[in-house]
Amino acid sequence: MDLSTTAGKLADLRARLEQAKDPGSERSRAKRDAAGLTTPRQRIDALLDKGSFVEVGALGRTPGDPDAPYSDGVVTGYGRIDGRPVVIYAHDKTVYGGSVGVTFGRKVCEVMDMAIKVGCPVIGIQDSGGARIQDAVTSLAMYSEISRRQLPLSGRSPQISIIMGKCAGGAVYAPVTTDFVVAVDERAEMYVTGPAVIKEVTGEDITSSELGSARQQELNGNVSYVASSEQDAFNYVHDLLDFLPTTCFDEPPRWAAPEDDELESPGLDSFMPDDTNAGYDMADLLAKLFDDDNVLQIQENFAPNLITAFARVDGRSVGVVANNPMHSAGCIDADAADKGARFIQICDAYNIPLIFVVDTPGYMPGVQQEKVGLIHRGAKLAYEMVNATVPKIALIVRKAYGGAYAVMGSKNLSGDFNMAWPTAQVAVMGSSAAVVMIQGKQLAKIDNEKQRAHMKKVFMDFYDENMTSPYVAAERGYIDRMIQPRDTRLELRRAVRQLDSKVEVRVAKKRSISPM
């Protein structure tokens, strides 16, 4: 090849770019192909709009090594999803195991800097062995450079991680610092230290799947969604971005919405069971409350007693926080408090109104909950509830007891608008607990079992009528509107419209300090 001619130089460029398309060793490529895995560029092309990907740094490689493969283990660039701009990077496991080296780090920092400048989401397709040991402190420095750029992006533009394989060591910290983590089932694994290191240091014997599989990390609260396949993961990311703005200064996509006269739902009048202790799946109710049944859950299988999801009211995105009586009777435990607090942060950051659908008998009692820090973790939910400045609307459909009532959008903790169904019950505690607390000693003095049961029922009926009735709360101004269930969709629309221009003035200070 004659590099002294223009034709030769063009041919050299084409050869280099062709080599950069799949730069891993023949052995590593064969191993990948035998396992039926896709390449980083195939993954990017499957996620982005067709033909929109523009690669940056394709010819980057380790400095000072003429035999080093191109890309340095990561593919970076920008493109579009449903016509909206994103920047993206994807690890290449066939080059240095996808580990982070100096050129790798600089490439990722380059596209993250671009996202900060232009204002757009960042998507990372993760499949990395962690730090590049032979690069020593340089690799650690690059991890720090990447992490440093996550802060200016945090709350400004959505950050999404898709876990496609093993992510160990420092490679797990960047994903869990992003807004959402999508993991592919039976492929993704996440852990700070792998099984071999754990066995060497602590003597514990565990497989990598048991330690950090997608399902296990979902239960640990580290995963937003477990996808059944790569394509399912990409579809979820598309669905997620449909609810999110490009930046916090933009509106999320708006969608067609039903007309006002199409919103009446007579079936809701008979939805709630007559037995106040009967269970029902809150997910079934949520599917009936919004513009359509497109309710996208976040962390569906972590702390399922609290549902966090995106939905639409009047064609615009809303965040939903709802108790689920099918799990732990809808009590709020420490995990649910963490889940709800973080989701409120996300919605507040991206100016997405919050709707609380309330049916909870309170915070979860128990020795184990106290041991795992329910006090401070539960307080974080209240803290984030007050700290959020977006519109906050509460719909009480049944139980709203104790501190759990307060944190689920109550007016006393800065909720803007509270409405309730006639089936609502608002009190410090339910009648079954109140009878023990207030009348326990008196009832114990009654020897006749039938008489004792009768007196207990009399007290509970009196308590329900005078202490848990939603009309007591309405009389005191803690409920703005008592509504028929059939009118809920229209009432939610009216509330969202009314609060659309809400402005909240904050007390001047440097920052708030969250609970321990």
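About the thresholds
Think of each chain on its own: its residues are numbered from 1, step by step along the sequence as written. Local features in this predicted model are restricted to residues of pLDDT 70 or higher, and side-chain atom pairs are both shown and tallied only at a pLDDT of 80 or more, whereas totals for entire chains, interfaces and linings draw on every residue. Excluded from the side-chain calculations are hydrogens and water; all other atoms, namely the structure's heavy atoms, are used. UniProt positions are given in the numbering used here, feature names are shortened, and annotations may be inferred rather than shown by experiment. Runs of E in the DSSP output that reach at least two residues are strands. Runs of H or I that reach at least four are helices, and both are numbered from the N terminus. Only protein chains enter the area calculation, which uses a 1.4 Å probe; residues under 20% of their type maximum are buried, those over 50% are exposed, and those in between are partly exposed. Any two residues whose heavy atoms approach within 4.5 Å at even a single point are treated as in contact. The protein chains shown are the only cover counted for residues, whose accessible areas, like all others here, come from Shrake-Rupley with a 1.4 Å probe. Note on charges: Lys and Arg go in the positive column, Asp and Glu in the negative column, and His and the chain ends are not counted at all. Lys charges are placed at NZ, Arg charges at CZ, Asp charges at CG and Glu charges at CD. Whether two strands pair depends on DSSP finding at least two bridges between them. To obtain each axis, a line is fitted to C-alpha atoms, and for helices this fit is confined to the stretch in contact; angles are then taken between N-to-C directions over 0 to 180 degrees. Salt bridges are defined as contacts in which a side-chain nitrogen from Lys or Arg sits within 4 Å of a carboxyl oxygen from Asp or Glu. Oblique is the label for any angle not covered by the other classes, which are roughly parallel (under 35 degrees), roughly antiparallel (over 145) and roughly perpendicular (65 to 115). Nonpolar residues are Ala, Val, Leu, Ile, Met, Phe, Trp, Tyr, Cys and Pro. Charged residues are Asp, Glu, Lys and Arg, and all others, Gly as well, are polar. Here the term cavity refers to a set of points on a 1 Å grid, laid over the protein atoms alone, in which a 1.4 Å probe fits but cannot get out; the term pocket refers to an open set having protein on both sides within 12 Å along at least five of seven lines, with lining residues being those that place an atom within 4 Å of a point. Grid points are joined across faces, edges and corners, and a volume is the space filled by probe spheres set on the points. What a helix should span is 1.5 Å times the count of its residues minus one. Classification of ring pairs uses Phe, Tyr and Trp, with its six-membered ring standing for Trp, and accepts pairs whose centres are within 6.5 Å; under 30 degrees between planes counts as stacked, over 60 as edge-to-face, and the remaining range as tilted. We count a charge as sitting over a ring when the NZ of a lysine or the CZ of an arginine lies within 6 Å of the ring centre and within 35 degrees of the ring normal.

The name recorded for the protein in an unreviewed UniProt entry is Carboxyl transferase domain protein, from Corynebacterium glucuronolyticum ATCC 51866. Here is the UniProt Sequence similarities (unreviewed entry) comment for the protein, exactly as written: "Belongs to the AccD/PCCB family."

A. Summary view of the overall build of the protein. When you go through the protein residue by residue, the secondary structure sums to 19 helices and 17 strands. When its C-alpha atoms are laid out on the principal axes, the protein stretches across 105 × 60 × 45 Å. Across the 516 residues in the protein, those meeting the buried criterion constitute 50%. In the protein, once contacts between residues fewer than 6 apart in sequence are set aside, the share between residues at least 24 apart is 73%. Carbon and sulfur atoms provide 53% of the accessible area of the protein, an area that totals close to 24,200 Å². Of the charged side chains in the protein, 57 are positive and 68 negative, and the gap between their average positions amounts to 4 Å.

B. Layout of the sheet that holds strand β2 (residues 74-81). The strand order across the open sheet built from 7 strands is β1-β2-β3-β4-β5-β7-β9, with neighbouring strands paired in mixed fashion. Every other strand in the sheet has two partners, leaving β1 (54-56) and β9 (225-227) as the edge strands with one partner each. In this sheet, neighbouring strand axes are inclined to one another by 20° on average, regardless of whether the strands run parallel or antiparallel. Across 3 bridges, strand β7 (residues 180-184) lies against β9 in parallel orientation. Residue pairing across strands places V182 opposite Y225, the latter belonging to β9. Packing against the sheet, helix α3 (residues 40-47) makes contact with β1, β2, β3 (84-91), β4 (122-126) and β5 (159-163), and its axis sits at approximately 160° to β3. Strands β1, β2, β3, β4 and β5 of the sheet are contacted by helix α4 (residues 102-118), whose axis makes an angle of about 20° with β2.

C. Structural context of the pattern of salt bridges. Taken as a whole, this structure holds 32 salt bridges when the rule is applied. Its salt-bridge partner being D260, residue R493 comes within 2.6 Å of it at the nearest N-O pair. Separated by 233 residues along the polypeptide, R493 in helix α19 (residues 488-498) and D260 in the loop between α10 (230-243) and α11 (282-286) bring together distant segments of the chain. With a relative accessible area of 2%, R493 lands in the buried category. What makes D260 partly exposed here is its relative accessible area of 35%. Among the salt bridges present, the one from R486 reaches D269, with a minimum N-O distance of 2.6 Å.

D. Region of the structure containing the pairing of strand β11 (residues 306-313). By the criterion of burial, β11 is predominantly enclosed, with 8 of the 8 residues buried. Note that strand β10 (residues 296-298) and β11 share 3 bridges and pair antiparallel. Paired with I298 across the strands is T308, a residue of β11.

E. The environment of L286, seen in detail. Mapping L286 onto the fold places it in helix α11. The spacing of L286 and M364 is 78 residues in sequence and 23 Å in space, taken between C-alpha atoms. Excluding residues that lie within four positions of it along the chain, L286 makes contacts with V295, I307, V320, A322 and V357.

F. How the structure looks around the packing of α4 against helix α5 (residues 137-153). It is the contact of α4 with α5, at a shortest axis distance of 9 Å, that shows an interaxial angle of 10°. Between α4 and α5, the interaxial angle falls into the category roughly parallel. Across the interface between the two elements, V102, G105, R106, V108, C109, M112, D113, A115 and I116 from α4 touch T138, M142, E145, I146, R149, Q150, P152 and L153 from α5. Here the contact of α4 with α5 is built from residues that sort into 10 nonpolar, 3 polar and 4 charged.

G. Spotlight on empty space enclosed by the protein. Applying the stated criterion across every chain, the model contains 3 cavities of 30 Å³ or more. Here the largest cavity is characterised by a volume of approximately 80 Å³. The wall of the largest cavity is formed by Y89, H91, V100, F104, V108, Q126, Y143, I146, G170, A171 and A174. Quantified by volume, the second largest cavity comes out at close to 60 Å³. Lining of the second largest cavity is provided by Y89, M112, V122, G124, I146, Q150, Q159, I160, S161, A174 and T178. Counting residues per element, the ones that place at least two in the lining of the second largest cavity are β4, α5 and β5. Looking at the lining of the second largest cavity, the element that brings in the most residues is β5, giving 3 residues. Among the residues forming the lining of the second largest cavity, the class breakdown is 6 nonpolar, 5 polar and no charged.

H. Focus on helix α12 (residues 334-349). An ideal rise of 1.5 Å per residue puts 22 Å on 16 residues; α12 measures up with 23 Å between its terminal C-alpha atoms. All of the buried residues along α12 are A334, A336, A337, K339, G340, A341, F343, I344, I346, C347 and D348.

I. Structural context of the packing of aromatic side chains. Within the structure shown, the criterion is met by 5 aromatic pairs. For the ring pair Y225 and Y236, a centre distance of 4.0 Å and an interplane angle of 5° mean the geometry is stacked. Taken together, the residues span a long stretch of sequence, with Y225 in strand β9 and Y236 in helix α10 at a distance of 11 residues. A network of ring pairs unites the aromatic residues F180, F243, F310 and F343 as a single cluster. For R312, the ring lying beneath its charged end belongs to F243, and the centroid distance is 4.0 Å.

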